Amino acid sequence: MELFRIKKTIPFMRHALVFNAISAVTFVLAVFFLFYNGLHFSIEFKGGTLIEVSYKSPADIEQVRKTVEGLGYADNQVQSFGRAEDVMIRLPSQPGVNTAQQSGKVLDALKLRNADVELRRVEYVGPQVGAELAQNGLTALAMVIVGIMIYLAIRFEWKYAVSAIIANLHDVIIILGFFAFFQWEFSLTVLAAVLAVLGYSVNESVVVFDRIRENFRIQRKTTVVEVIDSAITSTISRTVITHGSTQMMVLAMLLFGGPSLHYFAVALTIGICFGIYSSVFVAAAVAMWLGVKREDLIKPIKEKDETDGAVV
């Protein structure tokens, strides 16, 4: 399925050096802000108080959030869970204030708005749990990267595996750089978005690599650069359809998903935009610079020996 077809091959690789220089600068800036500012971790990583309350009718999440913010808890998480009547509230720890005092203060404020609210559960989540979550998240990220490298090395060739991993790490670091620069809250949902972007970006790279391999079979008298340019050009229509459809869904989450899904959608939006960019100008260009050639993907056909089958 194609919305349009470009008949003339676009010379993407002619400008690969310029675009990769831009990528390198962006990558270095992202790393700088990660070390200089650090990530603004959510309560799930830093620890805090977890409060569960229940209403007799469906809860007004926005009103609960405003009530909690009115108590001075700007850094909070309020969301529904299970039923529409149940609400989970996460609050950061405060010096000199214990869990009972925090929950009592919040419950009193909520009862002023709606006397039907009931306290169901109060728990303290220590920073050691957050450290464990962070470690598990990094482990999951490393496992995904290793799995992608093995998959690409088996399906294609090591040059493609290296170039795709560089492109994927480029996307991930830039997402984290945005969150470090703007000090957006980094939560478990954002981590899930980062892992999703890894799979999403490598899928785009695989599509381009598949077309390059196909073009190597068909275009036997063209150069490697021409084959890569032709492959990228022929996948543009598919890219517009796929990424456009995905971004429409993510945009809906961004506009109507509320605060709980806001940064999840932001991370996906950044990942989708840079995923397209990296698959074309990073993955394909790095593969070209690593010296990918037709013989890496297609085994040369052995010429038949004239003596084969001859009767002696």
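These lines cover the structure that appears in this document, whether it is placed above or below. (Residues numbered from 1 in each chain as written. Predicted model: local features only at pLDDT ≥ 70, side-chain atom pairs only at ≥ 80, totals over all residues. Heavy atoms only, no water.)

1. A look at the overall build of the chain
Here is step 1: Assigned secondary structure in the chain consists of 11 helices and 6 strands.
Here is step 2: Its C-alpha atoms give the chain a radius of gyration of 26 Å, more than 25% over the compact-globule value 20 Å for 312 residues.
Here is step 3: In terms of overall dimensions, the chain has a C-alpha envelope of 100 × 45 × 40 Å along the principal axes.
Here is step 4: Of all intrachain contacts in the chain linking residues separated by at least 6 positions in sequence, the fraction that spans at least 24 positions is 79%.
Here is step 5: For the chain, the exposed area adds up to about 16900 Å²; of that, 64% sits on carbon and sulfur atoms.
Here is step 6: One finds the centroid of the 28 positive side-chain charges in the chain at a distance of 5 Å from the centroid of its 28 negative side-chain charges. (Helix = DSSP H or I, 4+ residues; strand = E, 2+ residues; numbered from the N terminus. Rg over C-alpha atoms; globule rule 2.2 N^0.38 Å. Contact = heavy atoms within 4.5 Å. Areas by Shrake-Rupley, 256 points an atom, 1.4 Å probe, with all protein chains shown as cover. Lys, Arg positive; Asp, Glu negative; His and termini not counted. Charge placed at Lys NZ, Arg CZ, Asp CG, Glu CD.)

2. Some remarks on the pattern of salt bridges
Here is step 1: Inspection of every chain in the model, using the stated rule, returns 8 salt bridges.
Here is step 2: The shortest N-O distance in the salt bridge between arginine 65 and glutamate 62 comes to 3.1 Å. Note that arginine 65 and glutamate 62 are positioned in helix α3 (residues 61-70) at a spacing of 3 residues, about one turn of the helix.
Here is step 3: On the basis of relative accessibility, which here comes to 7%, the residue arginine 65 falls in the buried class.
Here is step 4: Put simply, arginine 238 and glutamate 204 hold a salt bridge, and the shortest N to O gap is 2.5 Å. Residue arginine 238 is found in helix α9 (residues 236-256), and its partner glutamate 204 is found in helix α7 (residues 188-218); the two are separated by 34 residues along the sequence.
Here is step 5: With relative accessibility at 3%, the residue glutamate 204 sits in the buried group.
Here is step 6: Several salt bridges converge on common partners, so that one network encompasses Glu52, Arg121 and Glu123. (Salt bridge = Lys/Arg side-chain N within 4 Å of Asp/Glu carboxyl O. Buried < 20%, exposed > 50% of the residue type's maximum accessible area, 1.4 Å probe, protein only.)

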